[in-house]
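Geometric and topological summary
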Amino acid sequence: MIKKLLLVLAALMPMCMTAQIVKIAVVNIQDVYDACPEKAAAQAALSELSQQYKQEYKLMQDDFGKKYADYQRLANDPKVSATIKERRMNEIQDEDDKVKQFLQQVDKELADKKAELNKEIYAKINAAVKAVGEAGDFTYIFDISQTPLAYTGPTAIDLTQLVKEKLGLK
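Now for a look at the structure at hand. Values in this document were obtained by computation on a predicted structure and should not be read as measured data. (Residues numbered from 1 in each chain as written. Predicted model: local features only at pLDDT ≥ 70, side-chain atom pairs only at ≥ 80, totals over all residues. Heavy atoms only, no water.)

Section: helix 4 (residues 82–135)
Under the 1.5 Å per step criterion, the end-to-end length of helix 4 is 78 Å for 54 residues, consistent within 8% with the ideal 80 Å. At K119, helix 4 shows its largest kink, close to 35°. Positive phi appears at D137, one or two residues downstream of helix 4, with a value of about 55°. (Helix = DSSP H or I, 4+ residues; strand = E, 2+ residues; numbered from the N terminus. Expected span 1.5 Å × (residues − 1). Bend = angle between axes of the 7 residues up to and from the residue.)

Take a look at the structure:
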């Protein structure tokens, strides 16, 4: 008897699964992000940090320029020994390496800072997308700003405005 019941349930299972409605929607998270007031504060903080790095880079360039000019004077002076010229050339190469390393560190630090500043903003946006998705009983919501879809029909549901409203944005 139990085997027959399980067999009937197994046979009915595919029919039940096809009765489920799959609701799919899209959202443009970049559009929502652009409307967030926190974006301006994050960009201002990044701009300030970037400006500090630019000032430091300018100082490094000026220092490098002075050392290079000194080396040029020594290199053209026949009275200066080859050992001194070589040492100065090594100093210039070391300075160039320091500048390159600094620029790599700056790029990494700016990217890390941007990720840190945007983490809370995107967490808030993702929570709103989830809330809108659950309220509308959606199965999938695709972010069209990150992964453009090959085709979006005229009946596609765009939740971007609902997410903005959920966050209190215009």
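Section: unusual backbone geometry
A negative phi holds for most residues other than glycine; trans holds for most peptide bonds. Its identity as a non-glycine residue notwithstanding, D137 has a phi of 55°, on the positive side. In this fold, D137 is placed in the loop between helix 4 and strand 2 (140–143).

What to know about the environment of Y33
Assignment of secondary structure puts Y33 in helix 2 (residues 29–35). The spatial distance from the C-alpha of Y33 to the C-alpha of I125 is 7.5 Å, given a sequence separation of 92 residues. Ignoring anything within four residues of it in the chain, the contact list for Y33 reads K39, N118, I121, Y122 and I125. (Contact = heavy atoms within 4.5 Å.)

Concerning the environment of L46
Relative to the helices and strands, L46 is located in helix 3 (residues 37–75). With a relative accessible area of 18%, L46 lands in the buried category. A sequence separation of 64 residues divides L46 from L110, and the C-alpha atoms of the two residues are 7.1 Å apart. Setting aside residues no more than four positions away along its own chain, L46 makes contact with L110, K113, K114 and L117. (Buried < 20%, exposed > 50% of the residue type's maximum accessible area, 1.4 Å probe, protein only.)

Considering the nonpolar core
Judged by nonpolar contacts, the single largest core of 17 residues is most densely connected at V32, I121, I125, V129, V163 and L167. Examining the composition of this core, we find that five residues originate from one element, helix 4, more than from any other. In contact with V163, other than residues within four places in its own chain, are V27, V32, I125, A128, V129 and V132. Within the second largest apolar cluster, six residues are counted, among which are Y53, V99, F102 and V106. (Core = buried A, V, L, I, M, F, W, Y, C linked by side-chain atoms within 4.5 Å.)

None of this, on its own, says anything about what the molecule does.
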